[in-house]
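# Coordinate inspection notes
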Amino acid sequence: MKKMNNGLLSLSINMGPIDNLIKLTSIQDLMATSSRHHHFQVIIALSILFNLHCCWNCVTFAADTTTNVYIVYMGEKQHNNPATIVMSHHEMLAKLLGSKEAAKNSILYSYKHGFSGFAASLTDSQAKVIADFPGVVRVFPNRIHKVHTTRSWDFLELNQSSKSKHNLLTEANMGDGTIIGIIDSGIWPESQSFKDDGMGPIPSSWKGICQTGQSFTSAKCNKKIIGARWIKKGYEKMYGPINTTGHSEYLSPRDKEGHGTHCASIAAGRFVPNASYLGLGTGIARGGAPLARLAIYKVVWLGESTDADELKAFDMAIHDGVDILSVSLARNVDHAGLPLQAYFDDGIAVGSFHAVAKGITVVCAAGNDGPFSDTVGNTAPWIITVAATTIDRDFQTEVTLGNDQTSLGHTLSVGGLGETRQKHKPPSPPPPPKLKTPLSPPSELKTSTPAAIVAGQGDDASACKEGSLNPTLVKGKVVHCFLQPSASQQEVTNATKTVQKAGGIGIIYTQDHNDVLNRCNITCIKVNFETGTNIISYIRGTSSATVQNSKPQTVVGKKTSPLVASFSSRGPNTLLPDVLKPDIAAPGVTILAAYPPPITGHPFEFLSGTSMACPHVAGVAALIKTLHKNWSPAAIKSAIMTTASQNGTDGQVIWAQGGNLKPATPFDMGGGHIDPKKVAHPGLIYDISIKSYIDFFCSKGYTNEQMTNMTKRNDSCSRKRRASSWDLNLPSISIPYLENIVTVTRTVTNVGTINSVYKALVQSPPGIQVKVKPRRLSFNQSTSVLSFKVTFNSTQNVQLMDYVFGSLTWTDKKHVVRIPLAVRVAHQYTSSRK
């Protein structure tokens, strides 16, 4: 405060977080001229200024009027009373916005059951300010996630007729009593997969509701679908009101996408005999845990979901009492490589942390951005992250050219070439087994002979790229599209759309990947490069080429499998390289499961993706939980990973598809391919407490204040000796920067025979020396938990090499407990080990 030339006072107050000054250069208009009122007038001026300070946002945010949804994450809840938690959220927001009414209008959700926090509409400036409020762990924007069976369970040998010594399906009574929560696009309750015939009473632990809405009454829930909720405020804040015209979406738990219904039936569908898609894949459809109960949390709208809605789903699922959560959602690949703190900037990571802290196992899709490295999503160490593989089923058709050359093709199109599949309508009865139609190569070059048209190598038209086809040449014909080895599934879809738009009636496309078959609105057949080359040669040498195909047949047991799918996202984990991801692989290619009939006219459909692999693991996790009710989520994850298979049906190593076929590594499939025959009796488990996760984050530079806010415990990051991040007791070891010698500690708990002795077997990564101490673990009645150390030493002189892989196995001749090893020598880097 200083005196001005006119004798009046100039007041300058630093407004702290406003980062500027509010100045009153003249208070002449505020004060009367009488000098006897001078002191009183100054008090009035000060009062006005301090009121302005309390409402600083009115000044600072005047120019910052655009609001977005932000999640204000406050960690573990401080109160058990939800109403008290909500009140504290409103009070905090009112302090920021200036009134309780403004706070009420701003807030979307209060998270008050599994953890504390809220989603609210804030300007960027307001979000920055509230991030510094006491008790706030993190403020992050509301981002988008995308959604990424008759044979698969038999392929995994999880069936009632299994000859395995331990039949998990029978031992766990098909999952009866366990509740699986599905966070997805809703459910089609009328599907036969969700009938409740013969099921017992709803578990007494259940606290959820059956939320009604459009075309979804409380009667749609039953003893199978015991609860359902729909959550949309976060989505609508980003995109506006959801359009339900013509049933384009349902404001209810009812599924319009089909994705949630498909995933729910994979995890826990009832037995449905003679299920098929127009005769393909005929068999008994069922889920992994047919008697488990389902709790539905609809957060996906028109293919997308938001952090705010997902967090609300996690919060309610914790309240409702689910045992397992299946989340087939993942970020887009362009979010890969986010900075370290991103775990607490991500709704799935935050929500799953608190779910796991409450004993709920969370299973997530790895993402569909393969075969490129560094693309794996959902990488938090407490999540089970699932990659996708093929099964041993194929759908084959004979493709015969006009010169009588016949080759093998693969298709899900039941009709012959030339039959158009009508979207949203039941297809017409299939035509005769063979149908001859003209076959034309794609090109814009106008010439008298089709053979000459395809001579130009590298033309966009040869790959049927958008806008490249000449409708005059294509209309009424089948088009051959020669895709490159690196072509993605989206490019296949685009090629099909291009052909259809140009008037083509069918497509034969070449693709190197031996995995995904596309469902198309016109007949589409996939062939390999050898066949594709023969077709091109035939077209070039023939003036009136024709083609025909046979009715497709379901072929089981002939195809080498599993193969890691080309689309399945790959490691390493760019967020935390010392946490190996994905964790496990499971069937996710051409999976037949329940589907809303109005979408395609069929009650069962084929879908592919890590979205389909995720509920396979969730179903197995439910069976383990039913059998071992006291096992932690980490114990269940350990059992799944350490018992995983390393070999295909041919007895050889599992291969990964991509640009080139290669042996699968832990960055492709984690611990391996899930083996339900062994998961319930792993022998040893690698367990992890919540305290260990806190120690892990302390080793990564998080502060005592951050951890205390998150857990509301006295978990200190200031202890004299911080644990190494490599010592988090995961059933895997990843050393991203091996400079000299690194020693890692692991602890195992005996859950097998009480008196047992395990010996270590090491497959060292190439160029790495691995020593285990001790090499023998002896368990008895008084000793069920033992620790050991693993020392890594590089024998290479190179400064930087790529990751190399190996394994560490403990065995008592009855159990084989295997964990993967991933090591990268990086001498020029400074180790992140604390």
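Our focus in this paragraph is the environment of T472. Among the structural elements, T472 can be located in helix α13 (residues 471–474). Between the C-alpha atom of T472 and that of G503, which follows or precedes it by 31 residues, the distance is 8.5 Å.

With that settled, the discussion passes to the state of the cysteines. Following the criterion strictly, the structure yields 3 disulfides and no others. With a sulfur-sulfur separation of 2.0 Å, C210 is cross-linked through a disulfide to C221. Of note, the bridge from C210 to C221 carries an S-S torsion of about 85° and is right-handed in sense. With C210 in the loop between β9 (179–184) and β10 (225–230) and C221 in the loop between β9 and β10, this residue pair connects regions lying 11 residues apart in the sequence. Overall, the relative accessible area of 13% leaves C221 in the buried class. A sulfur-sulfur separation of 1.8 Å characterises the disulfide bridge that pairs C464 with C481. Negative torsions about the S-S bond denote left-handed disulfides, and the value of about -90° found for C464 with C481 makes this one left-handed. Residue C464 is located in the loop between α12 (450–453) and α13, and its partner C481 is located in strand β22 (residues 478–482); the two are separated by 17 residues in the primary sequence. As far as burial versus exposure is concerned, C464 and C481 are alike and both buried. Summary of cysteine pairing: C364 is not part of a disulfide, and the nearest cysteine sulfur, belonging to C614, is at 6.1 Å. Take C364: its relative accessible area is 0%, and that puts it in the buried class.

Evaluated as defined, the whole model comprises 19 salt bridges. Ionic pairing is found between K662 and D668, a salt bridge with its closest N-O pair at 2.6 Å. By relative accessible area, K662 is classed as partly exposed at 34%.

The subject of this paragraph is the sheet that holds strand β40 (residues 804–811). Spatially, 5 strands are ordered β34-β41-β40-β36-β38 in an open sheet, and the strand pairing comes out mixed. Two strands in the sheet have a free side with no partner beyond their single neighbour: β34 (733–738) and β38 (776–779). Each strand of the sheet is rotated relative to its neighbour by a mean of 20°, with strand direction disregarded. Sheet topology note: the β34/strand β41 (residues 816–825) ladder contains 4 bridges and is parallel. Note that in β41 the partner of S734 across the bridge is A822.

An α-helical turn contains 3.6 residues, so any two residues separated by three or four positions project in the same direction. For helix α17 (residues 610–627), with 18 residues, the first-to-last C-alpha span of 26 Å sits near the 26 Å given by 1.5 Å per residue. The element α17 is largely enclosed, with a buried count of 17 among its 18 residues.

Bringing the confidence of the model for the chain into the picture now. With 81% of its residues at a pLDDT of 70 or more, the chain shows a mean pLDDT of 83. A low-confidence stretch, residues 334–341 stays under pLDDT 50, and its non-local contacts, those more than four residues away or across chains, total 13 contacts. Contacts from residues 829–834, a stretch scored under 50 in pLDDT, to residues over four places away or in other chains number 14 contacts.

Moving on, we get to the environment of L623. Turning to its location among the elements, L623 is positioned in helix α17. The spacing of L623 and L291 is 332 residues in sequence and 9.7 Å in space, taken between C-alpha atoms. Contact partners of L623, with chain neighbours within four places excluded, come to L158, L168, L169, A172, M174, G175, G288 and A289.

Procedures and definitions
- Residues numbered from 1 in each chain as written.
- Predicted model: local features only at pLDDT ≥ 70, side-chain atom pairs only at ≥ 80, totals over all residues.
- Heavy atoms only, no water.
- Helix = DSSP H or I, 4+ residues; strand = E, 2+ residues; numbered from the N terminus.
- Disulfide = S-S within 2.5 Å.
- Buried < 20%, exposed > 50% of the residue type's maximum accessible area, 1.4 Å probe, protein only.
- Salt bridge = Lys/Arg side-chain N within 4 Å of Asp/Glu carboxyl O.
- Pairing = 2+ DSSP bridges.
- Axes fitted to C-alpha atoms, helices over the stretch in contact; angles between N-to-C directions.
- Expected span 1.5 Å × (residues − 1).
- pLDDT = per-residue confidence, 0-100.
- Contact = heavy atoms within 4.5 Å.

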